[in-house]
Amino acid sequence: MHFMTALKAAWRQRDSLLCVGLDPDPAKFPAHLAGRPQAIFEFCRDIVDATADLVCAFKPQIAYFAAHRAEDQLEALIDHIHERHPGTPVILDAKRGDIGSTAEQYAVEAFERFRADAITVNPYMGRDSVEPYLAYGDKGVILLCRTSNPGGSDLQFLDVGGEKLYERVARLVAEEWNASGNCGLVVGATFPAEIARVREIVGEVPLLVPGIGAQGGDIAATVAAGCTADGTGLMINSSRAILYAGKNEDFAAAARSVAQDTRAAINAHR
Ligand SMILES: O=C(O)c1cc(=O)[nH]c(=O)n1[C@@H]1O[C@H](COP(=O)(O)O)[C@@H](O)[C@H]1O
């Protein structure tokens, strides 16, 4: 299924703009998982099973798996999501960016090895570095635009001939790179004014918005700035605040409870 079709269905069917980020850090796992060879998979699987009916997407962050030589567990996790929770889009957060021939390999990795429905990509190297992902017409390509971190301003806020660099990225994506309708943009919840500006530039293009929860972004301001006229258009990501809500064997139930509250807080402002 086309990533955008699945995303729109998930927004509607789950009544949710919440994306749960899967950033597994074994140092923060409940004690009963210590030393288990598949702990990363088991932790994420239980979070996924406890929250799937509440989300519009899951976003596994590849570094948290690769750092622990656990790419096989990432593969198993994405397979699990597709099999047990069909129709739930999986965004592989890899923030790739390289010359075309290398990008082709990254695209194979994301879409064929890991079977992700979408990937995050850094647009800094320009169009030919993004084309290998765009060539998978049914997969989502979500480009960094105005990132949530303080240092994002170092480059993204530079004036590039009468507009800021992040505005140029938004315009390029909306007007040129999105010919197949499979692009999205990353805009941090920590910068609601820029979410509004990006929404103004890109029309209905979906925005992945990390930065609520642990990074302190404002849910009400994010929703007000970024929703489209039909009350959708956003994948609002929270990772640590949901994953580590509980510290014991009931961690998945604790995660569900925070995910429920977060979805309700988002929906209260749509
Ligand atoms: O592309 C991303 O997902 C991303 C972009 C950005 O600007 N800021 C940002 O925090 N992220 C990711 O979103 C997640 C945020 O995690 P929490 O702060 O724990 O909710 C992490 O996986 C980050 O890598």
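Heads up: the structure comes first, above all this text.
Residues numbered from 1 in each chain as written. Predicted model: local features only at pLDDT ≥ 70, side-chain atom pairs only at ≥ 80, totals over all residues. Heavy atoms only, no water.

Draft legend 1. Here's a closer look at the packing of aromatic side chains. Inspection of the entire model under this criterion finds five aromatic pairs. The ring of Phe191 is capped by Arg146, whose NZ or CZ atom sits 3.6 Å from the centre of that ring. The ring centre of Phe157 lies 4.9 Å from the NZ or CZ of Lys164, which sits over that ring. (Phe/Tyr/Trp six-rings, centres within 6.5 Å; stacked < 30°, edge-to-face > 60°. Lys NZ or Arg CZ within 6 Å of the ring centre and 35° of its normal.)

Draft legend 2. Representation of the side chain of Thr120. Summarising the element assignment, Thr120 is placed in strand E4 (residues 118–121). Of the polar contacts made by the side chain of Thr120, one reaches the backbone nitrogen of Ala94; its length is 2.9 Å. A distance of 2.9 Å separates a polar side-chain atom of Thr120 from the backbone nitrogen of Lys95. Among all residues touching Thr120, those that are not within four sequence positions of it are Ile91, Leu92, Asp93, Ala94, Lys95, Arg96, Ile142 and Leu208. (Helix = DSSP H or I, 4+ residues; strand = E, 2+ residues; numbered from the N terminus. Polar contact = N/O pair within 3.5 Å; in protein donor to acceptor, adjacent residues only side chain to side chain. Contact = heavy atoms within 4.5 Å.)

Draft legend 3. Here's a closer look at the nonpolar core. Leu22, Phe43, Leu143, Leu185, Val198, Leu207 and Met235 are the most contacted members of the largest nonpolar core, which has 87 residues in total. The greatest single-element share of this core, amounting to eight residues, is contributed by helix H2 (residues 39–51). In contact with Leu143, not counting residues within four places along its chain, are Val121, Pro123, Val130, Val173, Trp177, Cys183, Gly184, Leu185 and Val186. (Core = buried A, V, L, I, M, F, W, Y, C linked by side-chain atoms within 4.5 Å. Buried < 20%, exposed > 50% of the residue type's maximum accessible area, 1.4 Å probe, protein only.)

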